[in-house]
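Structural overview for review
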Amino acid sequence: MPVKNRFAELLPEITAWRRDFHRNPELDYQVHRTAGRVAQLLREFGLDEVTEGVGRTGVVGVIKGRSDSSGRVVGLRADMDALPIREQTGVDYASQVPGVMHACGHDGHTAMLLGAAKYLAETRNFDGTAVVIFQPAEEGGGGGLAMIRDGLVERWGIQEFYGMHNMPGYPVGSFAIRDGAMMAATDQFDIVVTGKGGHAAKPHDCIDTTLVAAQIIVALQSIVSRNTDPLQSAVVSVCVVETDSTAHNVIPQVVRMKGTARSLDPQVRDRLEEGIARIATHTAAAFGASAEVAYERGYPVTVNHSEATGFAAEVARAVAGDVNMEVQPLMAGEDFSYMLNERPGAYIFVGNGDTAMVHHPAYNFDDNAIPAGSSWYAGMVEARMPLRA
């Protein structure tokens, strides 16, 4: 099952869909145009069922195979939303929406799954039911969880989930996957330090919140360097520091900090949450200030199921000839994790070549990856639900 010839034929059409999505990016759950176009195409392909508004703006399509003696239902997922980034690619199909662009390749994911859906609706060379899932709000909005809460699993009886993401730095059309933790849990925290503001020339009359904040930032790094097993992964990053004064000669009364905590293990995640609160509050107290900490858990760890990982790798190997099975986990997050918490499945990377990294204003999805990606999506359906002789 190499790259399917049909996808070579469909490449100009799929590329046109992708570039249309790229010109017209939408954020979060506001993917109304994208979802509407996806639903329109699925209906044109002749799917057995197309449902809009799942998880607010998600789209679900159903394709029945030639037979259904297996009773199996396989879900294939792509994400549709863009990012609030001003595009710097210079391509002639660049974003027409100021300050918004497809900087993560979700336009490519959506187009590849549409291509697979068209092929599967044409051929139906499988025994069971394929469910194609087009999800909103992956970029921090939890669209995967919204679709789960809207009955995605129960309404369509999905038994397995498979998803894909492009990856710059890997050869175009190549694949990489690993068993177990693939992407990190992504939490965020807010710390508000309150001291005693005053004139910068009289620091002895103040409790300097900027000094306290600086000590907290440094001390938080000990959670990873001294409280976490060196063989385990964790990240604690303070990314925003704001004071309630912008003057050169004022010691601020309040400093606010925002950051992220990443982990691949539930126990490490617990230690990060406890450690951030403990260090912030006690460090502030040591200087006579106070600190309030709000910790919010985000996407869980994306964990590939062992057997499903083998299935995904086998199909990828048939498409590309080889698969990197030793790819390192990423500390970025992915809300496909919610689907993998509900049912077995796997998440795989497809190479995007030597391009800018995702979330960069110069990033662009490489359309040459489409035949491999669409072949993998379609191949997962045919391999997991083969027709019986």
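Residues numbered from 1 in each chain as written. Predicted model: local features only at pLDDT ≥ 70, side-chain atom pairs only at ≥ 80, totals over all residues. Heavy atoms only, no water.

Describing the sheet that holds strand E1 (residues 49-54)
Ordered by their spatial adjacency, eight strands build an open sheet running E1-E2-E4-E3-E5-E16-E6-E15, and the pairing between neighbours is mixed. Each edge of the sheet is formed by a strand with only one pairing partner; in this case those strands are E1 and strand E15 (323-324). Two elements, strand E3 (residues 73-79) and strand E5 (residues 160-167), share four bridges in a ladder whose sense is parallel. When the bridges of E5 are listed, Arg77 appears paired with Gly163. Where helix H3 (residues 106-123) meets the sheet, it contacts strand E2 (58-64), E3, strand E4 (129-135), E5 and strand E16 (345-351), and its direction lies at approximately 145° from that of E3. Sheet strands touched by helix H10 (residues 370-384): E3, E4, E5, strand E6 (175-176) and E16. Its angle to E5, the strand with the most contacts, is close to 165°. (Pairing = 2+ DSSP bridges. Helix = DSSP H or I, 4+ residues; strand = E, 2+ residues; numbered from the N terminus. Contact = heavy atoms within 4.5 Å. Axes fitted to C-alpha atoms, helices over the stretch in contact; angles between N-to-C directions.)

Remarks on the pattern of salt bridges
Tallied over the full model, the rule gives 20 salt bridges. The partner of Arg43 in a salt bridge is Glu52, and the shortest N-O contact between them spans 3.1 Å. Here Glu160 makes a salt bridge to Arg72, at a shortest N to O gap of 3.7 Å. Of the two residues, Glu160 sits in strand E5 while Arg72 sits in the loop between E2 and E3, which places them 88 residues apart along the sequence. The partly exposed category is assigned to Arg72, whose relative accessible area is 27%. Through salt bridges with shared partners, a single network forms among Arg18, Arg19, Asp107 and Asp367. (Salt bridge = Lys/Arg side-chain N within 4 Å of Asp/Glu carboxyl O. Buried < 20%, exposed > 50% of the residue type's maximum accessible area, 1.4 Å probe, protein only.)

So, the environment of Arg124
With respect to the helices and strands, Arg124 occurs in the loop between H3 and E4. Apart from residues lying up to four places away in sequence, Arg124 is in contact with Gly46, Asp48, Ile63, Lys64, Gly65, Arg66, Tyr119 and Leu387.

Observations regarding the confidence of the model for the protein chain
Taken residue by residue, the protein chain gives an average pLDDT of 97. The fraction at 70 or more is 99%. Averaged pLDDT values for the elements of the protein chain fall to 96 in helix H1 (residues 5-23) and rise to 99 in E4. (pLDDT = per-residue confidence, 0-100.)

Some remarks on the packing of aromatic side chains
Aromatic rings considered in pairs are described by the distance between their centres and by the relative angle of their planes. Under the counting rule described, the total for this entry stands at seven aromatic pairs. Here Phe7 and Tyr119 contribute two aromatic rings whose centre-to-centre distance is 5.3 Å and whose plane-to-plane angle is 45°, an arrangement assigned as tilted. Of this pair, Phe7 sits in helix H1 while Tyr119 sits in helix H3, placing them 112 residues apart in sequence. Accessibility assignment for this pair places Phe7 and Tyr119 in one class, buried. Relative to Tyr377, the ring of Trp376 lies with its centre 5.7 Å away and its plane at 55°, an arrangement referred to as tilted. Neither Trp376 nor Tyr377 differs from the other in exposure class; each is buried. Taken together, Phe161, Phe336, Tyr347 and Phe349 form an aromatic cluster joined through their ring pairs. Sitting over the face of the ring of Tyr29, Arg56 holds its NZ or CZ atom 3.8 Å from the ring centroid. (Phe/Tyr/Trp six-rings, centres within 6.5 Å; stacked < 30°, edge-to-face > 60°. Lys NZ or Arg CZ within 6 Å of the ring centre and 35° of its normal.)

A few points about the pairing of strand E12 (residues 254-263)
Counting buried positions along E12 gives seven out of 10 residues, so the element sits mostly inside the fold. Here 10 bridges tie strand E8 (residues 185-194) to E12, and the two strands are oriented antiparallel to one another. Following the sheet pairing, Gln188 is matched in E12 by Thr260. For strand E10 (residues 234-243) and E12, the ladder comprises nine bridges, and the chain directions are antiparallel. In the sheet register, Val238 faces E12, and the bridge partner there is Gly259.

Some remarks on H10
With 15 residues, H10 should cover 21 Å at 1.5 Å per step; its first-to-last C-alpha distance of 21 Å lies within 8% of that length. By the criterion of burial, H10 is predominantly enclosed, with 14 of the 15 residues buried. (Expected span 1.5 Å × (residues − 1).)

A closer look at the nonpolar core
Within soluble globular proteins, side chains that are nonpolar tend to cluster in buried spots. In this structure, Leu42, Leu76, Phe134, Leu152, Phe175 and Trp376 are the most contacted members of the largest nonpolar core, which totals 89 residues. Sort the elements by how many residues they give to this core and H3 lands first, with nine residues. What Phe175 contacts, discounting residues up to four positions off in sequence, is Met164, Ala316, Val319, Ala320, Val323, Asn324, Ile348, Phe349, Val350, Ala372 and Trp376. Listed in part, the 22 residues of the second largest apolar core include Val212, Ala213, Val268 and Ala280. (Core = buried A, V, L, I, M, F, W, Y, C linked by side-chain atoms within 4.5 Å.)

Things to note about the side chain of Glu160
For Glu160, a relative accessible area of 8% translates into the label buried. A distance of 2.6 Å separates the side chain of Glu160 from the side chain of Tyr162, its partner in a polar contact. If sequence neighbours within four positions are ignored, Glu160 has contacts with Arg72, Val73, Val74, Gly75, Arg343, Pro344 and Arg384. (Polar contact = N/O pair within 3.5 Å; in protein donor to acceptor, adjacent residues only side chain to side chain.)

Here we look at the environment of Ala316
As for its position among the elements, Ala316 is in helix H8 (residues 306-320). Separated by 146 residues in the primary sequence, Ala316 and Tyr170 place their C-alpha atoms 14 Å from one another. For Ala316, the contacting residues outside a window of four places in its chain are Phe175, Gly321, Val323, Ile348 and Trp376.

Digging into the state of the cysteines
Taken as a whole and assessed by the stated rule, the structure comprises zero disulfides. Take Cys104: it sits in no disulfide, and the sulfur closest to it among the cysteines is that of Cys239, at 17 Å. For Cys104, a relative accessible area of 7% translates into the label buried. (Disulfide = S-S within 2.5 Å.)

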